[in-house]
Amino acid sequence: MPKVAAVLNWFGIADVPDVIAGPNRRPPAERWFGSMPNRIEVAKRVSPMTYVRAGLPPILTVHGDADPTVPYPEAVALHAALAKVNVPNQLVTIKGGKHGGFTPEERDHIYLTIREFLGKNGLAGK
C-alpha cells in the first residue's frame, strides 16, 4: 500500500464535534449528522484531531481567517496539535479569506508556499 507523502489541507474541518455541537458550531455540519443518537461518537471517529500523533506526514493547511463555512479556529487548533507532537506542519492564513474563492495573488502566494513546504520536506520535484 502506498504511503502518504504529505497532506495539503484546504480549509478542512479538523474537529468535527466542535462544528456540530461545540463553540464553532455550523448548521450545515450539524445537519450531516442529523439526530443520530451517537452523533458525537461518530463525529470523533471521523475527526482529524482524533488521529493527531507523532509520525504523521507533513501537513500544510490553507485557511481564510474569515471563512464562514469552516471556522478558522479549526485550522489554528490543528496546527497547534500537530506542532505539539512534532509533526512538520504549516498554517497559511489568508487574511480576510473566505471558504476558497481566493484572489489570483493569494493563490500565487499559496502555491509558492506549497512548493516551498514540499521542498523543505524533501518532496518537491527538481
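Treat the numbers as computed from the prediction; the structure is a model and nothing was measured.

Cut-offs and rules
Residues numbered from 1 in each chain as written. Predicted model: local features only at pLDDT ≥ 70, side-chain atom pairs only at ≥ 80, totals over all residues. Heavy atoms only, no water. Helix = DSSP H or I, 4+ residues; strand = E, 2+ residues; numbered from the N terminus. Expected span 1.5 Å × (residues − 1). Buried < 20%, exposed > 50% of the residue type's maximum accessible area, 1.4 Å probe, protein only. Arc of directions from axis to C-beta. Contact = heavy atoms within 4.5 Å. Salt bridge = Lys/Arg side-chain N within 4 Å of Asp/Glu carboxyl O. Phe/Tyr/Trp six-rings, centres within 6.5 Å; stacked < 30°, edge-to-face > 60°.

Helix length check: helix H4 (residues 72–84), at 13 residues, gives a terminal C-alpha distance of 19 Å against a target of 18 Å (1.5 Å per residue), a fit within 8%. Of the positions making up H4, those classed as buried are Tyr 72, Glu 74, Ala 75, Leu 78 and Leu 82. Along the axis of H4, the buried positions cluster into a sector of 155°, meaning they face one direction only. Where H4 is buried, its residues meet strand S1 (7–10), helix H1 (16–21), strand S2 (59–64) and strand S3 (89–94). Taken from the residues just after H4, Asn 86 is the one with a positive phi, measuring 60°.

If you walk through the whole model with that rule in mind, you get 3 salt bridges. The closest approach of N and O atoms between Glu 30 and Arg 25, which form a salt bridge, is 2.3 Å. Among the ionic pairs, Glu 30 bridges to Arg 39, the shortest N-O distance being 3.9 Å. Owing to a relative accessible area of 24%, Glu 30 belongs among the partly exposed residues under this scheme.

Moving on, we come to the environment of Val 46. Tracing the backbone through its elements, the reader meets Val 46 in the loop between helix H3 (39–45) and S2. Among the residues examined, Val 46 registers a relative accessible area of 49% and is labelled partly exposed. In this structure the C-alpha to C-alpha distance between Val 46 and Ala 14, which are 32 residues apart in sequence, comes to 9.3 Å.

This part is about the packing of aromatic side chains. Overall, the coordinates contain 3 aromatic pairs when judged by the stated rule. Considering the side-chain rings of Trp 10 and Phe 11, the 6.4 Å spacing of their centres and the 80° angle between planes classify their relative orientation as edge-to-face. Seen from their ring centres, Phe 11 and Phe 102 are 6.1 Å apart, and the 70° between their planes marks the pair as edge-to-face. Here Phe 11, found in the loop between S1 and H1, pairs with Phe 102, found in the loop between S3 and helix H5 (104–120); they are 91 residues apart in sequence, far enough to count as distant. For Phe 102, a relative accessible area of 6% corresponds to the buried category. Grouping aromatic residues by their ring pairs yields a cluster made of Trp 10, Phe 11, Phe 102 and Tyr 111.

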